[in-house]
Amino acid sequence: MSVLIKNGRVITAADDSIADIYIEGETIVAIGKNLSYKADKVIDATGKMVFPGGIDPHVHLSMPFMGTFSSDTYETGTRAALYGGTTTVIDFVLQTQGDSLKNALTDWQSRATGTAVGDYSFHMAVTDYNENVKAEIKQMVEEEGITSFKTFMAYKGALMVDDRQMFGLMSEVKKQGGMVTAHATNGDMIDLLVAKHRSEGKLSPLYHYLSQPEVTEAEASNRFAQMAGYTGCPAYIVHLTCEGALNAVREAGARNYQVFAETCIQYLILDASLYEQNFEGAKWVMSPPLRKKKDQAALWAGINQGLLQIVATDHCPFMWEQKLMGKDDFSKIPNGHPAIENRFELLFSEGVNKGKISLSKFVEVSATNAAKAFGMYPRKGTIAVGSDADVVIFDPNEQHTLSAATHHMNVDYSGYEGWQVTGKVKTVLLRGKVAIDDNNCLVDKGYGQFIKRNKVTGKL
Ligand code: URP
Ligand code: ZN
Ligand code: ZN
């Protein structure tokens, strides 16, 4: 099967020009003006922007968490991602404490294999670092193509590792050519503040926010970055939300430590005032919580300064009924919010259209940098000869409204209900196949492939 995309404005992190793209099978074969290939299918992209397929390196599909499971499966989650222009996601395998990484991987593979619609890869979340786990790191990197290892510095008593484990893990991961990533908030402080608020009868979603003040994230981000500097291990802070944490990254960069950081679309465009309404605020109960407007401004600046290289989602949806588990106690509200389908369009609409970021920065932070940071480049994350034909054809002018009534995520509310968005994903190709066209999904479950990743360099 061959496809010729004609006359689109092809935008990568480096180039921006009107061109044709010729695809054979799963791969881009030629890019240029007025290509004369005869193709099985011709797509006219005149007047449209053509981007590399989005990469969201932070999602949780069918994730066992806080006594329930996130409501999107590999099928529904990766399909919704495709509708929103994201062709590859990276999910998190969670080690069960006391058990092996391999067993956890087998468990996650059984959920994803044959069900994913879009492409996916895995980070390995190490929740219990010990000598046995140390011996498995090499196997993960060399044999499984899993080159990033997630740690939680919070969720005390469930997923949290201590500094001794973090230090040991970083030393080993550096040796094996991987990267350590962190949910960088101070679990002990948060635990104490949660207990304090509960004992005072302060139980509404607002107290989720007040239990995780900025200092908890700034402190842990700095601790993590400093350990990365000392061990020399490439490091990555997930879902960074605030000025204080950004300053820790800035300082690490000034010392030439290899510390990458990601923010998520919600932290750029939503703020903590959403918690000032009764239980409705549970829709945005996530960790870290939404922050202040001054943090949004710092994050946009951090993107432009190159301190934040990636905009992800931390997509972790729960049905409203699941959120109600915490109706009498904020600490029981499953943490997470849905955005896998919305990231690409919201970032374009709020970022590019409102003049906050350039088009090339949009491509960098929505696709290219994730491919580079996580060892998938240039197979993924760009439009180039030899790359996978993961392509988004985008109408930059079409206006539409986000709503749970029309989204494809398996969740019965939207964190962005009624948002007016300018710019719409029209057609998506995944490895040369038209996956989305005019609001229809044309690929079946099982089309999504596991993407083995290369060792990471710690450089973009
Ligand atoms: O609230 C969140 N972020 N839920 C998902 C788990 C995590 O911490 O990333
Ligand atoms: Zn987290
Ligand atoms: Zn997460």
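Throughout, residues of each chain are indexed from 1 in the direction in which the sequence is written. As they are written, the chains are lettered A onward and the ligands numbered 1 onward, keeping that order. Only residues with pLDDT of 70 or above have their local features reported here, since the model is predicted, and side-chain atom pairs are shown and tallied only from 80 upward, although totals for entire chains, interfaces and linings are computed over all residues. Excluded from the side-chain calculation are hydrogens and water; included are all heavy atoms of the structure.

Looking now at the overall build of the protein chain. Under the DSSP-based scheme used, a helix requires at least four consecutive residues in state H or I and a strand at least two consecutive residues in state E, with every element numbered from the N terminus. Helices and strands together make up the secondary structure of the protein chain, namely 13 helices and 19 strands. The globule rule is 2.2 Å times the number of residues to the power 0.38, and the radius of gyration it is compared with is taken over C-alpha atoms. For 460 residues, the compact-globule estimate of 2.2 N^0.38 gives 23 Å, and the C-alpha radius of gyration of the protein chain, at 21 Å, lies within 12% of that figure. Overall size of the protein chain, expressed as C-alpha extent along the three principal axes, is 70 × 50 × 40 Å. A separation threshold of at least 6 residues defines the contact pool for the protein chain, and within that pool the share at least 24 residues apart is 76%. To measure how exposed things are, a 1.4 Å probe is used in the Shrake-Rupley method; for residues, cover is taken only from the protein chains shown. Roughly 16400 Å² of accessible area belongs to the protein chain as shown, and the carbon and sulfur atoms make up 49% of that amount. In what follows, residue pairs with any heavy atoms lying within 4.5 Å of each other are defined as contacts.

Okay, the coordination of the zinc ion (ligand 2) next. Metal donors: N, O and S atoms at distances within 2.8 Å, or within 3.2 Å for Na, K and Ca, with water omitted from the atom set so that some sites may seem incomplete. Surrounding the zinc ion (ligand 2) are the protein donor atoms His183 (ND1) and His239 (NE2), at 2.0 Å. Every donor counted, the 4 donor atoms about the zinc ion (ligand 2) form angles of 56 to 152 degrees at the centre, which fits irregular coordination. Taken as an interatomic distance, the gap from the zinc ion (ligand 2) to the zinc ion (ligand 3) is 3.8 Å. On the criterion of sequence distance, the pair formed by His183 in strand β12 (residues 179-183) and His239 in the loop between β13 (235-237) and α8 (243-254) is long-range, its members being 56 residues apart. When sorted by exposure, His183 lands in the same class as His239, which is buried. Working rule for geometry: tetrahedral if four donors all subtend angles between 85 and 135 degrees; square planar for four, octahedral for six, if opposite donors exceed 155 degrees and the others stay between 65 and 115; irregular in every other situation. When a residue's accessible area, from a 1.4 Å probe over protein chains only, is under 20% of the maximum for its type it is buried; when over 50% it is exposed; and in between it is partly exposed.

Bringing empty space enclosed by the protein into the picture now. Buriedness of a pocket was judged along seven lines, with at least five required to meet protein on both sides within 12 Å; pockets are open sets of points on a 1 Å grid over the protein atoms alone, cavities are sets where a 1.4 Å probe fits but cannot get out, and lining residues have an atom within 4 Å of a point. Grid points are joined across faces, edges and corners, and a volume is the space filled by probe spheres set on the points. On inspection of all chains with the given rule, the structure shows 1 cavity of 30 Å³ or more. Taken as a whole, the largest cavity holds about 100 Å³ of empty space. Throughout, the ten residues Ala, Val, Leu, Ile, Met, Phe, Trp, Tyr, Cys and Pro are labelled nonpolar, Asp, Glu, Lys and Arg are labelled charged, and all others, Gly among them, are labelled polar. Classifying every residue of the lining of the largest cavity by side-chain character gives 6 nonpolar, 7 polar and 2 charged.

Strand pairing is assigned whenever DSSP identifies at least 2 bridges connecting the two strands. The 8 strands are arranged β6-β9-β10-β11-β12-β13-β14-β15 in an open sheet whose pairing can be described as parallel. Unpaired on one side and paired on the other, β6 (54-59) and β15 (310-312) mark the two borders of the sheet. The average angle at which neighbouring strand axes cross in this sheet is 30 degrees, direction not considered. Where β12 and β13 come together, 3 bridges link them in parallel fashion. Paired with Thr181 across the bridge in β13 is Tyr236. A fitted line through C-alpha atoms represents every axis, and for helices the fit uses only the stretch in contact; the resulting angles, taken between N-to-C directions, go from 0 to 180 degrees.

What follows is about the packing of helix α2 (residues 101-112) against helix α3 (residues 131-144). Contact geometry of α2 with α3 gives a least axis separation of 9 Å together with a crossing angle of 40 degrees. One way to sum up the angle between α2 and α3 is to call them oblique. Of α3, the residues touching α2 (which contributes Leu101, Lys102, Leu105 and Gln109) are Val133, Glu136, Ile137, Gln139, Met140 and Glu144. Across the contact of α2 with α3, the residue classes break down as 5 nonpolar, 2 polar and 3 charged. An angle below 35 degrees is read as roughly parallel, one above 145 as roughly antiparallel, one from 65 to 115 as roughly perpendicular, and any other as oblique.

Near ligand 1, the surroundings consist of His58, His60, Phe65, Tyr155, His183, His239, Met286, Ser287, Asp314, Cys316, Asn335 and Gly336. Polar contacts, as counted here, are pairs of nitrogen or oxygen atoms within 3.5 Å of one another; within protein the pair requires one atom able to donate a hydrogen and one able to accept it, and residues that are adjacent in sequence qualify only if both atoms are side-chain atoms. For ligand 1, a nitrogen atom lies 3.0 Å from a polar atom in the backbone of Asn335. For ligand 1, an oxygen atom lies 3.4 Å from a polar atom in the backbone of Gly336. In the complex, 100% of the free accessible area of ligand 1, which totals 260 Å², lies under the protein chains. Residue classes in the shell around ligand 1 are distributed as 4 nonpolar, 7 polar and 1 charged. If even one non-hydrogen atom of a residue comes within 4 Å of a molecule or strand, that residue is called near it.

Here the focus is helix α5 (residues 187-199). Along its 13 residues, α5 runs 18 Å from first to last C-alpha, staying within 8% of the 18 Å computed at 1.5 Å per residue. All of the buried residues in α5 are Gly187, Ile190, Leu193, Val194 and His197. Along the axis of α5, the buried residues cluster in a sector spanning 130 degrees; they form a single face. Pointing more than 90 degrees away from the buried face of α5 are the exposed residues Leu192 and Ser199. You can read the cap of α5 off the contacts: a side-chain oxygen lies 3.1 Å from the backbone nitrogen of Asp188, and it is on Asn186. In this scheme, a helix's expected span is set at 1.5 Å multiplied by one less than its residue total. By construction, the arc corresponds to the directions joining the helix axis to the C-beta atoms.

Mapped onto the elements, Gln95 comes out in the loop between β9 (86-94) and α2. Put simply, Gln95 and His408 are 313 residues apart on the chain and 29 Å apart in space, counted from C-alpha to C-alpha. The contact partners of Gln95, leaving out residues within four places of it in the chain, are Ser100, Leu101, Ala104, Ala125, Val126, Thr127, Asp128 and Val133. Within the structure, the side chain of Gln95 is placed 2.9 Å from the backbone oxygen of Asp99, a separation counted as a polar contact.

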